[in-house]
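Observations on chain architecture
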Protein chains: 2
Amino acid sequence: MKNEKQGKFITLEGIEGVGKTSNLRFIKELLESSGHDCVVTREPGGTNLGEALRGLLLSHSDENMSADAELLMMFAARAEHLSKVILPAIDNGQTVLCDRFTEATYAYQGGGRRLDVDKISELEDWVQGDLRPNLTIILDAPVEVGRARASSRSEPDRIEKEQDDFFQRVRKAYIELAEHYPDRICLVDASKELAEVQHQIHERLGEYDILTTID
Amino acid sequence: MKNEKQGKFITLEGIEGVGKTSNLRFIKELLESSGHDCVVTREPGGTNLGEALRGLLLSHSDENMSADAELLMMFAARAEHLSKVILPAIDNGQTVLCDRFTEATYAYQGGGRRLDVDKISELEDWVQGDLRPNLTIILDAPVEVGRARASSRSEPDRIEKEQDDFFQRVRKAYIELAEHYPDRICLVDASKELAEVQHQIHERLGEYDILTTID
């Protein structure tokens, strides 16, 4: 039996070092103080099968897995996550807060690895139908800011330089997503001090009408 | 560098007990005696990743995996199989003989488990593009013939009866595939004696122009 009031679906995105973990906690507290019953989850993973697929994706990455197989496995984990965790919670009137979702596939596989964005879009429709997050918050900061927070070294070596190029493409893809879908995706400037970042997040949640008090 | 002469892609299908294993060997011998350089493979599996996915599909089946996740994992294994085994062999001018392929997904998941055939078709296009087997031979026999060959019991119990209904739907789906795609899918009556079945297979390979002698 479905709850008459469907819950919201909120996702948090961003490259490494932008403060996803602490801000996920902050968003959860804001939502709960507005009366939301929150389910916090993450991708890839979130289910037994998803974690097993995550293990396969990591352990076989050195065999040069085909790009198509990798995308299909990611969306298989997502289909299971939707079926077992996300959709039941939303139907139950709960608010789902997810650490990364399909926008990460566009950013990392589409932008970073340059896989065909149309093929990602086809799988998104196949798996999700019309379902999209009500709000996706992208924590945005220059790649070097993320690097500086994640490591104490300042001079990147060759490998780190290659990673920089990769993360520049990921960041660009995230920014383009926010430009293309302003009705449901927004950027937050994560290069600021934490208090200022949290102020922006609070504002965005208000602007996108997520914090409406729940009875 | 691609070989100018692309190899053929042949698949063998059918429910349990119809003689797939011995006839696979027979087809391989026929092809080789006509000068084909054969690669014999199978689904699901055929690659390291495919076997690992096959393991996940089997070990998680009791958790009631979502139908979408199952289909995506099957096609992930297929994408890897195509990329690592089937397409390189075809490009190399070899003839690929595969024990089950996408037609089995239509028959077992579509027919047997009643999953949405349009969703299977979308994944087929996503993974294979225009690629279809040059010839698919379906070994067809009444379900009770397959059962009798696979088991010595004659009175089915309740579980076996349920399995019968399932395999009746699988068989029906296979027959319908042959009716819809007569240009590339054919039935062989596998209820006959082995020699007669092999005679039919030999004829089909001739009719579909597979046995053309290779220089």
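We now turn to the structure provided with this report. (Residues numbered from 1 in each chain as written. Chains lettered and ligands numbered in written order. Predicted model: local features only at pLDDT ≥ 70, side-chain atom pairs only at ≥ 80, totals over all residues. Heavy atoms only, no water.)

**Description of the overall build of chain A**
Stated formally: Helix and strand assignments come from DSSP, with helices taken as H or I runs of at least 4 residues and strands as E runs of at least 2, each series counted from the N terminus. Partly exposed residues are those whose accessible area sits between 20% and 50% of the maximum for their type, while under 20% is buried and over 50% is exposed, using a 1.4 Å probe and protein chains only. Here, two residues are considered to be in contact whenever any of their heavy atoms come within 4.5 Å of each other. The protein chains shown are the only cover counted for residues, whose accessible areas, like all others here, come from Shrake-Rupley with a 1.4 Å probe.
When its secondary structure is counted, chain A shows eight helices and five strands. Along its sequence from the N terminus, chain A presents helices and strands in the succession β-α-β-α-α-β-α-α-β-α-α-β-α. Buried residues in chain A amount to 51% of all 215 residues. At a minimum sequence separation of 6, the contacts of chain A that also span at least 24 residues come to 78%. In the form shown here, chain A has an accessible surface area of approximately 10300 Å², with 48% of it arising from carbon and sulfur atoms.

**A word on the pattern of salt bridges**
As a reminder of what qualifies: By definition, a salt bridge exists where a carboxyl oxygen of Asp or Glu is found within 4 Å of a side-chain nitrogen of Lys or Arg.
Inspection of every chain in the model, using the stated rule, returns 27 salt bridges over all chains. When the shortest N-O distance is used, the salt bridge between Asp-125 of chain A and Arg-132 of chain A registers 2.8 Å. Here Glu-32 of chain B and Lys-28 of chain B are joined by a salt bridge, their closest N and O atoms 3.1 Å apart. Separated by four residues within a single helix, Glu-32 of chain B and Lys-28 of chain B lie in helix α1 (residues 20–33), roughly one turn from each other. Glu-32 of chain B sits in the partly exposed class, given a relative accessible area of 36%.

**Re the nonpolar core**
The cut-off we apply is this: Here the nonpolar core consists of buried residues drawn from Ala, Val, Leu, Ile, Met, Phe, Trp, Tyr and Cys, with membership extended through side-chain atoms lying within 4.5 Å.
Membership of the largest hydrophobic core comes to 130 residues, with the highest contact counts inside it found for Leu-72 and Ile-137 of chain A together with Leu-72 and Ile-137 of chain B. The contact partners of Leu-72 of chain B, leaving out residues within four places of it in the chain, are Leu-72, Phe-75, Ala-76, Ala-79, Leu-123, Trp-126 and Val-127 of chain A together with Leu-123 of chain B.

**Points about the environment of Pro-133 of chain B**
Residue and element names in this part refer to chain B. Looking at where Pro-133 falls in the secondary structure, it is placed in the loop between α5 (117–128) and β4 (135–140). Separated by 52 residues in sequence, Pro-133 and Ile-185 have C-alpha atoms that sit 8.6 Å apart. The residues contacting Pro-133, other than those within four sequence positions of it, are Phe-9, Thr-11, Phe-101, Glu-103 and Arg-184.

**Concerning the pairing of strand β3 (residues 95–99) of chain B**
Residue and element names in this part refer to chain B. Spelled out, the test is: Strand pairing is assigned whenever DSSP identifies at least 2 bridges connecting the two strands.
Here β3 lies mainly inside the structure; five of its five residues are buried. Residues Thr-95, Leu-97 and Asp-99 point to one face of β3 and Val-96 and Cys-98 to the other, with burial holding for every one of them. Summarising the sheet, strand β1 (residues 9–13) and β3 pair through four bridges and their orientation is parallel. Within the sheet, the bridge partner assigned to Phe-9 lies in β3 and is Val-96. Across five bridges, strand β2 (residues 38–42) lies against β3 in parallel orientation. Each residue of the ladder has a partner; that of Val-40, found in β3, is Leu-97.

**Notes on the packing of aromatic side chains**
In plain terms, the rule: Here a pair means two rings of Phe, Tyr or Trp (six-membered ring of Trp) with centres within 6.5 Å. Their orientation is stacked below 30 degrees between planes, edge-to-face above 60, and tilted elsewhere.
The tally for this structure, following the rule as stated, stands at ten aromatic pairs over all chains. Taking the centre distance of 6.4 Å and the plane angle of 85° together, the rings of Tyr-108 of chain A and Tyr-174 of chain A count as edge-to-face. With Tyr-108 of chain A in helix α4 (residues 102–112) and Tyr-174 of chain A in helix α7 (residues 158–180), the pair connects residues that are 66 residues apart, well separated along the chain. In terms of burial, Tyr-108 of chain A and Tyr-174 of chain A fall into one category: buried. Here the aromatic rings of Tyr-108 of chain B and Phe-167 of chain B are separated by 6.4 Å at their centres, their planes lie at 85°, and the arrangement is edge-to-face. Residue Tyr-108 of chain B is found in helix α4 (residues 102–112), and its partner Phe-167 of chain B is found in helix α7 (residues 158–180); the two are separated by 59 residues along the sequence. Of the two residues, Tyr-108 of chain B and Phe-167 of chain B, both sit in the buried class. Taken together, the aromatic side chains of Tyr-108, Phe-166, Phe-167 and Tyr-174 of chain A make up a single cluster linked through ring pairs.

**Observations concerning the sheet that holds β2 of chain B**
All names here are of chain B. The line we're drawing: Whenever a helix is involved, its axis is fitted only over the stretch in contact; in every case the axis is a line through C-alpha atoms, and angles between N-to-C directions fall within 0 to 180 degrees.
Read from one edge to the other, the open sheet built from five strands follows the order β2-β3-β1-β4-β5, with strand pairing classed as parallel. For this open sheet the edge positions go to β2 and β5 (185–189), each flanked by a neighbour on one side alone. Going across the sheet, the axis of each strand differs from the next one's by a mean of 20°, ignoring polarity. In terms of strand pairing, β1 meets β4 through four bridges, oriented parallel. Paired with Glu-13 across the two strands is Ile-138, which belongs to β4.

**Some remarks on the interface of chain B and chain A**
Going by this rule: Once two parts are joined, some of their accessible surface, as seen by a 1.4 Å probe, is lost; buried area is that loss totalled over both. Distance and chemistry together define a polar contact, namely a pair of N or O atoms within 3.5 Å, with one atom able to donate a hydrogen and the other to accept it when in protein, and with adjacent residues in sequence counting only for side-chain atoms on both sides.
Facing 26 residues of chain B, the contacting portion of chain A comprises 26 residues. The three residues of chain B that bury the most area against chain A are Leu-49, Leu-72 and Trp-126 of chain B, which together make up 34% of that side's buried surface. Applying the counting criterion to the chain B and chain A interface returns zero salt bridges. At the junction of chain B and chain A, the tally comes to six residue pairs in polar contact (both at pLDDT 80 or more).

**Some points on the relation of the copies chain B and chain A**
Our working definition: When the copies are superposed, the least-squares fit takes in the C-alpha atoms of residues with a pLDDT of at least 70 in both.
The transformation that overlays chain B on chain A combines an axial shift of 0.0 Å with a rotation of 180°, and the residual RMSD is 0.0 Å. A rotation of that kind, with that shift, is consistent with a two-fold axis. A symmetric contact is evident, with 100% of the interface residues of chain B recurring at the interface of chain A.

**A closer look at the side chain of His-36 of chain A**
All names here are of chain A. Examined against the element boundaries, His-36 turns out to sit in the loop between α1 (20–33) and β2 (38–42). Within the local environment of His-36, its side chain forms a polar contact with the side chain of Thr-95, the two groups lying 2.6 Å apart. Polar contacts involving the side chain of His-36 include one to the main-chain carbonyl oxygen of Ile-210, which spans 3.0 Å.

**Considerations on helix α5 (residues 117–128) of chain A**
Cut-off, in case you're wondering: In this scheme, a helix's expected span is set at 1.5 Å multiplied by one less than its residue total. By arc we mean the arc of the directions from the helix axis to the C-beta atoms, nothing more.
With twelve residues, α5 of chain A should reach 16 Å at 1.5 Å per residue; the first-to-last C-alpha distance of 16 Å fits that figure. Those residues of α5 of chain A that fall on the buried side of the exposure criterion are Lys-119, Ile-120, Leu-123, Glu-124, Trp-126, Val-127 and Gln-128 of chain A. Axial view of α5 of chain A: buried residues confined to an arc of 165°, hence all on one face. Looking at the buried positions of α5 of chain A, the neighbouring elements they touch are α3 (67–91) and α4 of chain A together with α3 (67–91) and α5 of chain B. Of the residues flanking the start of α5 of chain A, the one acting as N-cap is Asp-116 of chain A, its side-chain oxygen 2.9 Å from the backbone nitrogen of Asp-118 of chain A. A positive backbone phi angle near 60° is found at Gly-129 of chain A, which sits one or two residues after α5 of chain A.

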